[in-house]
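# Observations on the three-dimensional arrangement
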Amino acid sequence: MREDHDLTQAQVGEAIHIPQRTYAYYESGQRMIPPHVLCALADFYNVSVDYLLGRTNKRK
């Protein structure tokens, strides 16, 4: 979703209040994304957590 919105990792990290490096670890799968970060990402992109996790095709 980040690339679809033409955003950098630093921009998303700043928007959800985490360092770019931490965001990069989540995006690459090197670290598990904690629930509070999933919620922040869902709010940022205006989608559901289930959509982010690939559990549904419905954005909301």
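Presented here is an overview of the structure given in this document. Just so you know, the residues in each chain are numbered from 1, in the order the chain's sequence is written. The model is predicted, so local features are restricted to residues of pLDDT at least 70 and side-chain atom pairs to those at 80 or more, both for listing and for counting; the totals for chains, interfaces and linings are taken over all residues. Side-chain metrics rest on all non-hydrogen atoms present in the structure, leaving aside hydrogens and water.

Turning to helix H2 (residues 20-28), a few remarks are in order. For every residue, the accessible area obtained with a 1.4 Å probe (protein chains only) is divided by the maximum for its type, and the residue is called buried under 20%, exposed over 50%, and partly exposed between those limits. Only DSSP runs of H or I with at least four residues qualify as helices, and only runs of E with at least two residues qualify as strands; both kinds are numbered from the N terminus onward. Within the span of H2, buried status applies to Thr 22, Tyr 23, Ala 24 and Tyr 26. Note on definitions: a residue-residue contact is assigned when non-hydrogen atoms from the two residues lie within 4.5 Å. Buried residues along H2 sit in contact with helix H1 (9-16) and helix H3 (35-45). Count one or two residues on from H2 and you reach Gly 29, which has phi positive near 85°.

Glancing now at the packing of aromatic side chains. Between rings of Phe, Tyr and Trp, where Trp is taken as its six-membered ring, a pair exists when centres lie within 6.5 Å; planes separated by under 30 degrees are stacked, by over 60 edge-to-face, and by other angles tilted. All chains considered together, the criterion is met by one aromatic pair. Taking 4.9 Å as the distance between ring centres and 75° as the angle between the ring planes, the aromatic pair formed by Phe 44 and Tyr 45 counts as edge-to-face. A residue is classified by how much of its surface remains accessible, and Tyr 45, at 8% relative accessible area, is buried.

To get an axis, a line is fitted to the C-alpha atoms, and for a helix only the part in contact is used. The angle between two axes follows their N-to-C directions and goes from 0 to 180 degrees. Contact geometry of H1 with H3 gives a least axis separation of 10 Å together with a crossing angle of 105°. Of the possible angle classes, the one that applies to H1 and H3 is roughly perpendicular. In this structure, H1 uses Val 12, Ala 15 and Ile 16 to contact H3, whose residues at the interface are Val 37, Ala 40, Leu 41, Phe 44 and Tyr 45. Looking at the contact of H1 with H3 residue by residue, the classes come out as eight nonpolar, no polar and no charged. We call two directions roughly parallel when the angle between them is under 35 degrees, roughly antiparallel when it is over 145, roughly perpendicular when it lies between 65 and 115, and oblique otherwise. In this classification, Asp, Glu, Lys and Arg are treated as charged, Ala, Val, Leu, Ile, Met, Phe, Trp, Tyr, Cys and Pro as nonpolar, and every other residue, Gly included, as polar.

All right, on to H3 then. Taken as a whole, H3 has its buried residues at Val 37, Leu 38, Leu 41, Ala 42 and Tyr 45. One side of H3 carries all its buried residues, which in axial view fall inside an arc of 140°. Structural note: H3 exposes Pro 35, His 36 and Asp 43 on the side pointing more than 90 degrees away from its buried face. Two residues or fewer after H3 comes Asn 46, characterised by a positive phi angle close to 60°. Relevant arc is that of directions from the helix axis to the C-beta atoms, nothing else.

The term salt bridge refers to a side-chain nitrogen of Lys or Arg lying within 4 Å of a carboxyl oxygen of Asp or Glu. Tallying each qualifying case throughout the model produces three salt bridges. The closest approach of N and O atoms between Glu 27 and Arg 2, which form a salt bridge, is 2.8 Å. In this pair, Glu 27 is assigned in helix H2 and Arg 2 in the segment before H1, connecting sequence segments 25 residues apart. On the basis of relative accessible area, Arg 2 is assigned to the buried category, the value being 12%.

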